[in-house]
Amino acid sequence: MRKKIVAGNWKMNTLPAKGEELAIEINAFLNDFQLNDNTKVIIAIPYTHIDRIVQRIGSGKLAVASQNCSQFEKGAYTGEVSAEMIKSLGAKYVIVGHSERRQFFGDNDELISLKLTQCYQNGLLPIFCCGESLDERNQNQHYDVVKTQLINSLAQVGKSDIENTIIAYEPVWAIGTGQTATPEQAQDMHAFIRKIVKDLFGSEIAAGLSILYGGSVNAGNAEELFACEDIDGGLVGGASLKIEEFKTIIRSV
Ligand code: PGA
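Worth saying up front: this structure is predicted, and the values here are computed from it rather than measured.

Trainee: Explain the overall build of the chain here, please?
Mentor: When you go through the chain residue by residue, the secondary structure sums to 12 helices and eight strands. Relative to the globule expectation of 18 Å for 253 residues, the C-alpha radius of gyration of the chain, 17 Å, shows essentially globular dimensions. When its C-alpha atoms are laid out on the principal axes, the chain stretches across 45 × 45 × 35 Å. Here the chain holds 253 residues, and 52% of them are scored as buried. Long-range pairs, those at least 24 residues apart, make up 71% of the contacts in the chain with a sequence separation of at least 6.

Structure (structure tokens):
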């Protein structure tokens, strides 16, 4: 049975002290809440917060992710943070290929492949993001775009690594816009992604892969989205910074 996952993506928000408060609140909620063994809650936080938050929450039900990592192992790469460094702080996951990184920081399929390799080599589990822009959807290119992103970054990945990968489908037009994909649009793309993974890696791996939906997930729409057959949870931006809303989203999964 594949895992259900709610991952909060804080992006470049909160100062460390505030982030720590929020993480402690989420952790306390999870300690009281009967989260079933098959469900995971993750927070993807700024690098500057990882050490402090991992120290405070320990290795309980809440797991920590970074929002990026370097494509390089180590060396003269000023300003970069390696997967090994992230791992050493106790984070378990890394978001790779988020559309904001593709848009603003030049993360293309090739760079994303290198970052995935760094994650696998260091025992970090990537949350690989894919998704089309509004123009691409309007021109009916969304299937091709997502397929290309998946094939370019994942086709060379080994089977044992793919089993340790989470995919997040995030249509760019739905991120931070309040315009969520309908459950039908999201389910349709998730089924398509699972089919591609099946063609690449076989039906057992495809059936076990968690595919998250991201893009304006909130307390009001999470339940309906998560009820879809191929939607195994969400990657939640804005709403993950609002504690009550994030709790409702966790309850929905
Ligand atoms: P949003 O962001 O929930 O604020 O739309 C989602 C994401 O970027 O992961």
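Still more to cover.
Trainee: When you look at the side chain of His98 in this model, what are you seeing that I'm missing?
Mentor: Secondary-structure assignment places His98 in the loop between β4 (93–96) and α4 (99–104). Judged by relative accessible area, which is 5%, His98 ranks as buried. Of note is the side chain of His98, whose polar atom sits 2.9 Å from the backbone nitrogen of Glu100. Residues within four places of His98 in sequence aside, it is in contact with Asn9, Lys11, Cys129, Glu170 and Ile175.

Trainee: Teacher, can you tell me more about the side chain of Ser210 here?
Mentor: As for its placement among the helices and strands, Ser210 is situated in the loop between α10 (203–208) and β7 (211–214). In this structure the side chain of Ser210 is engaged in a polar contact, spanning 2.7 Å, whose partner is the backbone oxygen of Lys3. Residues contacting Ser210, with those up to four places away along its chain left out, are Arg2, Lys3, Ile5, Ile166, Ile167 and Asp232.

Trainee: Explain the sheet that holds strand β5 (residues 125–130) to me, please; I cannot follow it from the model alone.
Mentor: By way of backbone hydrogen bonds, the strands of a sheet pair with one another, either parallel or antiparallel. Spatially, β1-β2-β3-β4-β5-β6-β7-β8 is the arrangement adopted by the eight strands of the closed barrel, whose pairing is parallel. Pairs of neighbouring strands in the sheet enclose a mean axial angle of 25°, with direction left out of account. In terms of strand pairing, strand β2 (residues 39–45) meets strand β3 (residues 62–66) through five bridges, oriented parallel. The residue of β3 that forms the bridge with Ala44 is Ala65. Relative to β3, helix α2 (residues 47–57) is tilted by about 165°, and along the sheet it contacts β2 and β3. Those strands touched by helix α9 (residues 183–201) are β5, β6 (166–169) and β7, and its axis lies near 145° from that of β7.

Trainee: Could you clarify how one ought to interpret the packing of helix α5 (residues 109–121) against helix α7 (residues 142–154) in this entry?
Mentor: How two helices pack is summed up by the angle between their axes together with the distance between the axes. The N-to-C vectors of α5 and α7 enclose an angle of 45°; their axes lie 8 Å apart at closest approach. Classified by the interaxial angle, the pair formed by α5 and α7 is oblique. Helix-helix and strand crossings are classified by hand; for α5 and α7 the assignment is right-handed. Two secondary-structure elements touch here, α5 through Asp109, Ile112, Ser113 and Leu116 and α7 through Thr148, Gln149, Asn152, Ser153 and Leu154. Looking at side-chain class alone, the contact of α5 with α7 contains three nonpolar, five polar and one charged residues.

Trainee: Looking at this model, I keep getting lost on the site of the ligand. Mind explaining?
Mentor: Contacts to the ligand come from 13 residues, most closely from Lys11, His98, Glu170, Gly176 and Ser216. In the environment of the ligand, an oxygen atom lies 3.4 Å from a nitrogen or oxygen atom belonging to the side chain of Asn9. Side-chain polar atom of Glu170 to an oxygen atom of the ligand: 2.7 Å apart, as the coordinates give it. Within the complex, the protein chains bury 95% of what would otherwise be the 280 Å² of accessible surface of the ligand.

Trainee: Just checking my understanding: could you explain the environment of Ile112 for this structure?
Mentor: Within the secondary structure layout, Ile112 lies in helix α5. Residues Ile112 and Cys129, spaced 17 residues apart in sequence, show a C-alpha to C-alpha distance of 9.8 Å.

Trainee: Which parts of the structure should I look at to understand the packing of aromatic side chains?
Mentor: Working definition: an aromatic ring pair is given by the centre-to-centre distance plus the angle between the planes. A full pass over the atoms with the stated rule returns five aromatic pairs. Ring plane angle 5° and centroid distance 3.8 Å describe the contact between Phe72 and Tyr77, whose orientation is recorded as stacked. Classification of Phe72 as partly exposed rests on a relative accessible area of 32%. For Tyr77, a relative accessible area of 35% puts it in the partly exposed group.

Trainee: What is the right way to look at the nonpolar core in this model?
Mentor: Proteins that are soluble and globular tend to have nonpolar side chains buried together. Formed by 63 residues in total, the largest nonpolar core has its most connected members in Ile26, Ile43, Ile167 and Ile193. With six residues, the top contributor of residues to this core is α9. In contact with Ile43, not counting residues within four places along its chain, are Gly8, Trp10, Ala23, Ile26, Ile53, Leu62, Ala63, Val64, Ala65 and Phe246. Ranked by size, the runner-up nonpolar core spans 14 residues in total, among them Ile42, Ala63, Ala65 and Ile95.

What counts and how
Residues numbered from 1 in each chain as written. Predicted model: local features only at pLDDT ≥ 70, side-chain atom pairs only at ≥ 80, totals over all residues. Heavy atoms only, no water. Helix = DSSP H or I, 4+ residues; strand = E, 2+ residues; numbered from the N terminus. Rg over C-alpha atoms; globule rule 2.2 N^0.38 Å. Buried < 20%, exposed > 50% of the residue type's maximum accessible area, 1.4 Å probe, protein only. Contact = heavy atoms within 4.5 Å. Polar contact = N/O pair within 3.5 Å; in protein donor to acceptor, adjacent residues only side chain to side chain. Pairing = 2+ DSSP bridges. Axes fitted to C-alpha atoms, helices over the stretch in contact; angles between N-to-C directions. Parallel < 35°, antiparallel > 145°, perpendicular 65-115°, else oblique. Left-handed = near helix turned anticlockwise from the far one by under 90°. Nonpolar A, V, L, I, M, F, W, Y, C, P; charged D, E, K, R; others polar. Near = heavy atom within 4 Å. Areas by Shrake-Rupley, 256 points an atom, 1.4 Å probe, with all protein chains shown as cover. Phe/Tyr/Trp six-rings, centres within 6.5 Å; stacked < 30°, edge-to-face > 60°. Core = buried A, V, L, I, M, F, W, Y, C linked by side-chain atoms within 4.5 Å.

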